[in-house]
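Letter by letter, the chains look like this.
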Amino acid sequence: MIETCTVADLERLELDLLLDAVKTRYGYDFHDYAKASMIRRVKKYMEQAGISHISELIPLFLHDNRAFYRFVKSLSVVVTEMFRDPDVFKTLREEVIPVLKTYPFIKIWHAGCASGQEVYSMAIMLEEEGILDRCQIYATDFNDDALKLAKKGIYPAEDIELYENNYSLSGGKNKLSDYWVSLYDSIKVNSRLSERVTFANHNLVTDGVFGEMHLVMCRNVLIYFNEQLQDRALTLINDSLCPRGFLCIGRRENLKFSQIRNHLEDVSNRFRIYRKLSS
Ligand SMILES: C[S@@+](CC[C@H](N)C(=O)[O-])C[C@H]1O[C@@H](n2cnc3c(N)ncnc32)[C@H](O)[C@@H]1O
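A brief look at the structure comes next. What you are looking at is a predicted structure, and each value in this text was computed from that prediction instead of being measured.

Cut-offs used in this document
- Residues numbered from 1 in each chain as written.
- Predicted model: local features only at pLDDT ≥ 70, side-chain atom pairs only at ≥ 80, totals over all residues.
- Heavy atoms only, no water.
- Salt bridge = Lys/Arg side-chain N within 4 Å of Asp/Glu carboxyl O.
- Buried < 20%, exposed > 50% of the residue type's maximum accessible area, 1.4 Å probe, protein only.
- Pairing = 2+ DSSP bridges.
- Helix = DSSP H or I, 4+ residues; strand = E, 2+ residues; numbered from the N terminus.
- Axes fitted to C-alpha atoms, helices over the stretch in contact; angles between N-to-C directions.
- Contact = heavy atoms within 4.5 Å.
- Phe/Tyr/Trp six-rings, centres within 6.5 Å; stacked < 30°, edge-to-face > 60°.
- Near = heavy atom within 4 Å.
- Polar contact = N/O pair within 3.5 Å; in protein donor to acceptor, adjacent residues only side chain to side chain.
- Areas by Shrake-Rupley, 256 points an atom, 1.4 Å probe, with all protein chains shown as cover.
- Nonpolar A, V, L, I, M, F, W, Y, C, P; charged D, E, K, R; others polar.

## Some remarks on the pattern of salt bridges
So, point 1. Under the definition given, this model contains 17 salt bridges.
So, point 2. Between glutamate 195 and arginine 192 there is a salt bridge, with its nearest N and O atoms 3.7 Å apart.
So, point 3. You can call arginine 192 partly exposed: its relative accessible area is 29%.
So, point 4. Two residues, arginine 261 and aspartate 266, come together in a salt bridge whose shortest N-O distance is 2.6 Å.
So, point 5. Judged by relative accessible area, aspartate 266 falls into the partly exposed class, the value being 42%.

## Considerations on the sheet that holds strand 8 (residues 241-249)
So, point 1. Read from one edge of the open sheet, seven strands run 6-2-1-7-8-10-9, paired in mixed fashion. Only two strands of the sheet have a single neighbouring strand rather than two, namely strand 6 (197-201) and strand 9 (264-268). Each strand axis lies, on average, 20° off the axis of its neighbour in the sheet, ignoring direction.
So, point 2. Bridge count between strand 8 and strand 10 (residues 273-276): three bridges; the pairing is antiparallel. Opposite cysteine 248, over in strand 10, you have isoleucine 273 as the bridge partner.
So, point 3. In this fold helix 7 (residues 144-152) packs onto strand 2 (135-141) and strand 6, with an angle of close to 165° to the strand it touches most, strand 6.

## Structural notes on the sheet that holds strand 5 (residues 186-189)
So, point 1. One open sheet accounts for three strands, arranged 3-5-4; its pairing is antiparallel. Because the sheet does not close on itself, it has two edges, and the strands there are strand 3 (154-156) and strand 4 (180-182). Across the sheet, the axes of successive neighbouring strands diverge by a mean angle of 30°, strand direction being ignored.
So, point 2. Looking at chain direction, strand 3 and strand 5 are connected through three bridges and run antiparallel. By the bridge assignment, proline 156 is partnered in strand 5 with serine 186.

## Structural notes on the packing of aromatic side chains
So, point 1. Summed over all chains, the structure comprises 16 aromatic pairs.
So, point 2. Here the aromatic rings of tyrosine 33 and phenylalanine 225 are separated by 5.0 Å at their centres, their planes lie at 65°, and the arrangement is edge-to-face. Of this pair, tyrosine 33 sits in the loop between helix 1 (7-26) and helix 2 (35-49) while phenylalanine 225 is found in the loop between strand 7 (213-218) and helix 10 (227-240), placing the two residues 192 residues apart along the sequence. Residue tyrosine 33 shares its accessibility class with phenylalanine 225, and that shared class is buried.
So, point 3. Here tyrosine 167 and tyrosine 179 contribute two aromatic rings whose centre-to-centre distance is 6.5 Å and whose plane-to-plane angle is 70°, an arrangement assigned as edge-to-face. Separated by twelve residues along the polypeptide, tyrosine 167 in helix 8 (residues 160-169) and tyrosine 179 in the loop between helix 8 and strand 4 bring together distant segments of the chain.
So, point 4. On the accessibility criterion, tyrosine 167 (3% relative accessible area) is buried.
So, point 5. Overall, tyrosine 179 belongs to the buried group, its relative accessible area being 8%.

## Focus: the site of the ligand
So, point 1. Around the ligand, 22 residues are found, and the nearest of them are Ser76, Thr80, Arg84, Asp141 and Asn220.
So, point 2. Threonine 80 places a side-chain nitrogen or oxygen 2.5 Å from an oxygen atom of the ligand.
So, point 3. A distance of 2.9 Å separates a nitrogen atom of the ligand from a polar atom in the backbone of arginine 219.
So, point 4. Burial of the ligand by the surrounding chains reaches 99%, relative to a free accessible area of 600 Å².
So, point 5. The residue makeup of the shell around the ligand, split by class, is eleven nonpolar, seven polar and four charged.

If you want it as structure tokens, here you go:
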């Protein structure tokens, strides 16, 4: 028994008990999410729900599944943008697409696609490089609300300037406005771009491998996981890549916690693009 317990110790204990209860009741295992960011999100949720102790969430989530699913959504940070990190897209265009062009059929997976801007950026680039018709793109997330937005492909017009700037820095060949129609205060991406995309729910923590991909984009998702979970997700992704397939992770992420590092060579470590070794 611990005689003295700091507030932080208590919070961690309460959080562990809460995550045990959630795992038993719903099968979601959040134990390996990065603790500091998890506590921040739990506290934000508590503030909105007018709750003062983490342990009070245990009976709430056990008995009220709608409250629990609201919590799951609050864990999902869906911040994204078109051609985010334009120099990464530029490197994909220059180093990866030329290899993909040599294949008769190309499978690409965006894991953690959020509201879809990254997927449509990829589709635009593939269209400009003349290979969109040969591609099947899978776009997955564990947040159904984000997937609904992604499927619609409707985004606020106020983001256009940022998107256009990113597109031009990424080596875009046309005008970005060629790829959408303007609605009143929003834009809708051309349906031509979504024709080759399948949106689906997939959880990188609990679900399995996603067939023989030539390129996997998993950017800005791993940062929410602890080292063990990053390794699990990266192993799943590596197992989903075909031999000589490519992997692109986020600029602030890295492979150093993962066993798969030895199975990948650098295309550009600076831009976090890697290629699977043949064996
Ligand atoms: C910050 S967004 C990244 C979006 C996009 N990849 C980008 O870089 O712009 C992170 C996304 O990861 C998703 N995510 C978090 N945990 C996940 C999990 N266990 N399985 C699948 N997706 C997850 C979130 O729902 C969110 O949409």
